[in-house]
Amino acid sequence: MSVDAKYKVSATAHGGGRDGRTVLDDKTMDLQLTLPKELGGPGGDGANPEKLFALGYSACYLGAMRVASQQTKIKVPEGTTVKAEIGIGPRSEGGFGITAALDAYLPGLSEADAKTLTEATHGICPYSNAIRASVDVVTNVRT
């Protein structure tokens with residue numbers, strides 16, 4: 001599979017990785033990272049890769065839903081939201097893995113149309129495509 005990247009962004013991590021800083025090369029974001037207590041760290045107000053993934057996935061999926069809407073001819077209702085929940089933990093095979101769950105709220109849409117739209121979105125969203133082979137994404141639809 002090849003991708004014709006139309007946009008690229010670069011960031012550099014400093015310090016201890018999950019307990020350091022990460023800075024976009026264009027300096028538009030500079031984040032303090034904190035290892036969560038659940039993973040043996042101090043916790044606190046800092047960001048972590050899972051928080052960043054949840055932010056990106058929810059926004060990307062909602063944007064992809066607008067493209068899927070054009071393809072399916074199912075209008076995205078006003079007030080639609082997408083919540084992404086990202087988890088991290090040890091894998092039974094060793095190492096660590098992530099979990100992902102999406103909650104799509106599509107007010108006023110029929111359940112059938114909501115499912116059709118979210119299935120189409122899952123095939124379009126770059127985040128969904130990036131993790132498809134390694135993460136079972138649970139998708140919940142509310143109307």
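Residues numbered from 1 in each chain as written. Predicted model: local features only at pLDDT ≥ 70, side-chain atom pairs only at ≥ 80, totals over all residues. Heavy atoms only, no water.

The name that an unreviewed UniProt entry assigns to the protein chain is Organic hydroperoxide resistance protein, with the source organism given as Lichenibacterium minor. For the record of the protein chain, the UniProt heading Sequence similarities (unreviewed entry) holds the text "Belongs to the OsmC/Ohr family." (UniProt positions renumbered as here; feature names shortened; annotations may be inferred.)

Novice: I'd like to hear about the pairing of strand β5 (residues 96-105), residue by residue, with values.
Specialist: Across 10 bridges, strand β4 (residues 81-90) lies against β5 in antiparallel orientation. Residue pairing for β5: Lys83 is matched across the bridge by Asp103. Counted between consecutive antiparallel strands, the loop separating β4 from β5 contains 5 residues, among which Gly94 sits at a positive phi close to 105°. Judged from the 6 bridges that link them, β5 and strand β6 (residues 137-142) form a sheet pairing that is parallel. Counted as the bridge partner of Ala101 is Val138 from β6. (Pairing = 2+ DSSP bridges. Helix = DSSP H or I, 4+ residues; strand = E, 2+ residues; numbered from the N terminus.)

Novice: Go over the domain arrangement of the protein chain, please, and point to the residues and values.
Specialist: Segmentation of the protein chain into domains returns domain 1 (1-47) and domain 2 (49-141). Using only C-alpha atoms to locate each centre, domain 1 and domain 2 end up separated by 22 Å. Together domain 1 and domain 2 conceal approximately 520 Å² of surface at their shared face, both sides included; 67% is due to carbon and sulfur atoms. Here domain 1 and domain 2 share 1 salt bridge between them. With a closest N to O distance of 2.7 Å, Glu50 and Arg18 form a salt bridge. Connecting domain 1 to domain 2 are 2 residue pairs in polar contact (both at pLDDT 80 or more). (Domains from an automatic or database assignment. Buried area = accessible area lost by both parts, 1.4 Å probe. Salt bridge = Lys/Arg side-chain N within 4 Å of Asp/Glu carboxyl O. Polar contact = N/O pair within 3.5 Å; in protein donor to acceptor, adjacent residues only side chain to side chain.)

Novice: Can you tell me about the environment of Gly89, naming the residues and giving the values?
Specialist: Residue placement: Gly89 occurs in strand β4. Judged by relative accessible area, which is 17%, Gly89 ranks as buried. C-alpha separation for the pair Gly89 and Asp30, spaced 59 residues apart in sequence, amounts to 26 Å. When neighbours within four sequence positions are excluded, Gly89 is seen to be in contact with Gly95, Phe96 and Gly97. (Buried < 20%, exposed > 50% of the residue type's maximum accessible area, 1.4 Å probe, protein only. Contact = heavy atoms within 4.5 Å.)

Novice: Account for the state of the cysteines, naming residues and giving values.
Specialist: Summed over the entire model, instances satisfying the criterion amount to 0 disulfides. The thiol sulfur of Cys60 is not disulfide-bonded, and the nearest other cysteine sulfur, from Cys125, lies at 3.7 Å. (Disulfide = S-S within 2.5 Å.)

Novice: Quick rundown of the pattern of salt bridges? Include the residues and the values.
Specialist: Scanning the entire structure with this criterion turns up 6 salt bridges. In this structure, Lys115 engages Glu111 in a salt bridge whose closest nitrogen and oxygen atoms are separated by 3.4 Å. Of the two residues, Lys115 and Glu111 both sit in helix α2 (residues 111-124), 4 residues apart, roughly one turn of that helix.

Novice: Summarise the sheet that holds β5; cite the residues concerned and give the values.
Specialist: One open sheet accounts for 3 strands, arranged β4-β5-β6; its pairing is mixed. Where the open sheet ends on each side, the last strands, each with one partner, are β4 and β6. With direction set aside, neighbouring strand axes in the sheet form an average angle of 15°. Against the sheet, helix α1 (residues 49-72) engages β4, β5 and β6, with an angle of about 145° to β4. (Axes fitted to C-alpha atoms, helices over the stretch in contact; angles between N-to-C directions.)

Novice: Would you mind going over the side chain of Thr34 in detail, with residue names and values included?
Specialist: Tracing the backbone through its elements, the reader meets Thr34 in the loop between β3 (30-32) and α1. Within polar-contact distance, the side chain of Thr34 engages the backbone nitrogen of Gly46 at 3.4 Å. Residues contacting Thr34, with those up to four places away along its chain left out, are Arg18, Pro42, Gly43, Gly44, Gly46, Ala47 and Asn48.

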